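Descriptive structure summary
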Amino acid sequence: MSDTLSKIQYWGLLTLIFLTPLFFLPITSEFYDFNKKALLVAGGLVLAALWAIRSFKEKRLVVVTSPLDTAVIIFAATVLLSSILRTPNKPEAFFVPGTATTILAATLLYFLVTQTIRNVQYTIRHTLWALFASGFVVSLVSIAASTGMLEPVAGLPAFMKARIFSLPGSPLSTLTYLAVIAVLGVGEALRAARSDRPRVRMS
């Protein structure tokens, strides 16, 4: 049971990382950012609940720590306190655009990643591949929209046939996201090249 929960938590985390940049719902007043944040928060809470259930089943609490934890907690706490004490429009801080909610959800995701680690290299590689797969889908949809390939597709709503349509929500968001993915891709390629390079032994 515990092993099953661990697998569900692990692959659920990777699925959440993959889906968040792609997710949108045309049934709310704001299609993109609000729904991505809602998915991130809901998914994070579900995964946190799975972690708590697994700890209860194992009758032990294992908390993985890293040197970055303190900085992440201080930053999230600062944003939260600033939103509560200093922001004149509190609903705007937490819902639309929801900067505080985004930071808190990202903090939760960070700790979920650290608590879900099986093997550091194994987890990092799977996380990167989830991001790369998501970036690939974002690129394909953006290219299809900008070249007009989506316009003749029957059944698509009008906003999806627009030439500026993109899954992240705007051309700037798409460019920023793909730029981050490109940097991560270059870093992963360099790492792979170094690991494949034959080592010369000094005699």
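The residue count restarts for each chain, going from 1 along the sequence in the order it is written. Local features in this predicted model are restricted to residues of pLDDT 70 or higher, and side-chain atom pairs are both shown and tallied only at a pLDDT of 80 or more, whereas totals for entire chains, interfaces and linings draw on every residue. Side-chain metrics in this entry use all non-hydrogen atoms of the structure; hydrogen atoms and water are not considered.

1. Here we look at the nonpolar core
Across soluble globular proteins, you tend to see nonpolar side chains buried next to one another. Our working rule: For this analysis, a nonpolar core means a set of buried residues of the types Ala, Val, Leu, Ile, Met, Phe, Trp, Tyr and Cys, connected via side-chain atoms within 4.5 Å. Three exposure classes are used, based on accessible area relative to the maximum for each residue type with a 1.4 Å probe and protein chains only: buried under 20%, partly exposed in between, and exposed over 50%. Strands are runs of DSSP state E lasting at least 2 residues, helices are runs of H or I lasting at least 4, and numbering of each runs from the N terminus. In this description, contact between two residues means that some pair of their heavy atoms is separated by no more than 4.5 Å.
Within the largest apolar cluster, 26 residues are counted, with the highest numbers of intra-cluster contacts made by Leu 13, Ile 17, Phe 24, Leu 47, Leu 109, Phe 165 and Leu 167. Listed by contribution, the elements that provide at least two residues to this core are helix H1 (2–19), helix H2 (33–58), helix H5 (99–116), helix H6 (120–146) and helix H7 (171–196). If one sorts the elements of this core by residue count, H6 sits on top with seven residues. Once residues lying within four places of it in the same chain are set aside, the contact partners of Ile 17 are Leu 109, Thr 127, Ala 130 and Leu 131.

2. Focus on helix H3 (residues 69–85)
Selection criterion: To estimate the expected span of a helix, count its residues, drop one, and scale the result by 1.5 Å. Taking the helix axis as origin, the arc is that swept by the directions to the C-beta atoms.
Compared with the 24 Å implied by 1.5 Å per residue over 17 residues, the 24 Å span of H3 between its first and last C-alpha is a close match. Among all positions of H3, only Asp 69, Val 72, Ala 76, Val 79 and Ser 83 are buried. Taken down its axis, H3 places every buried residue within 110° of arc, on the same side. Exposed residues lying more than 90 degrees from the buried face of H3 are Thr 70 and Leu 85.

3. Concerning H2
The end-to-end C-alpha distance of H2 is 37 Å, a good match for the 38 Å that 26 residues give at a rise of 1.5 Å each. Residues Asn 35, Lys 36, Lys 37, Leu 40, Gly 43, Gly 44, Leu 47, Leu 50, Arg 54 and Ser 55 constitute the buried set of H2. Following H2 by one or two positions, Lys 59 has its phi on the positive side, about 60°.

4. Concerning the environment of Phe 23
Here Phe 23 lies in the loop between H1 and H2. Taking the C-alpha atoms as reference, Phe 23 lies 7.9 Å from Pro 168; in sequence the two are 145 residues apart. Setting aside its immediate chain neighbours within four residues, Phe 23 contacts Tyr 32, Asn 35, Lys 36 and Leu 39.

5. Quick notes on the side chain of Thr 20
As a reminder, the rule being used: Two N or O atoms form a polar contact when they lie within 3.5 Å of each other; inside protein one atom must be a possible hydrogen donor and the other a possible acceptor, and for residues adjacent in sequence the pair counts only when both atoms belong to side chains.
Note on placement: Thr 20 falls in the loop between H1 and H2. With a relative accessible area of 14%, Thr 20 lands in the buried category. A polar contact of 2.7 Å, which involves the side chain of Thr 20, links it to the backbone oxygen of Leu 16. Sequence-distant contacts of Thr 20, that is, excluding residues within four places in its chain, are made with Lys 36, Leu 39 and Leu 40.

6. Focus on the confidence of the model for the protein
The condition that has to hold: Residue-level confidence of the predictor is summarised by pLDDT, bounded by 0 at the bottom and 100 at the top.
Confidence in the prediction for the protein averages 80 pLDDT; 85% of positions are at 70 or higher. By mean pLDDT, the top-scoring element of the protein is H6 (87), and the lowest-scoring one is helix H4 (residues 90–94) (63).

7. Section: the packing of aromatic side chains
Each pair of aromatic rings is reported with the distance of its centres and the angle of its planes. Which entries qualify depends on this criterion: To pair, rings of Phe, Tyr and Trp, with the six-membered ring standing in for Trp, must have centres within 6.5 Å; the planes then decide the type, stacked if under 30 degrees apart, edge-to-face if over 60, and tilted in the middle.
Within this structure, the stated rule accounts for eight aromatic pairs. With a centroid separation of 5.4 Å and an interplanar angle of 90°, the aromatic rings of Tyr 10 and Trp 11 are classed as edge-to-face. For Tyr 10, a relative accessible area of 1% translates into the label buried. In this structure Trp 11 comes out as partly exposed when scored by relative accessible area, which is 43%. When the centroid spacing of 6.1 Å and the interplanar angle of 90° are considered together, the rings of Phe 24 and Phe 159 count as edge-to-face.

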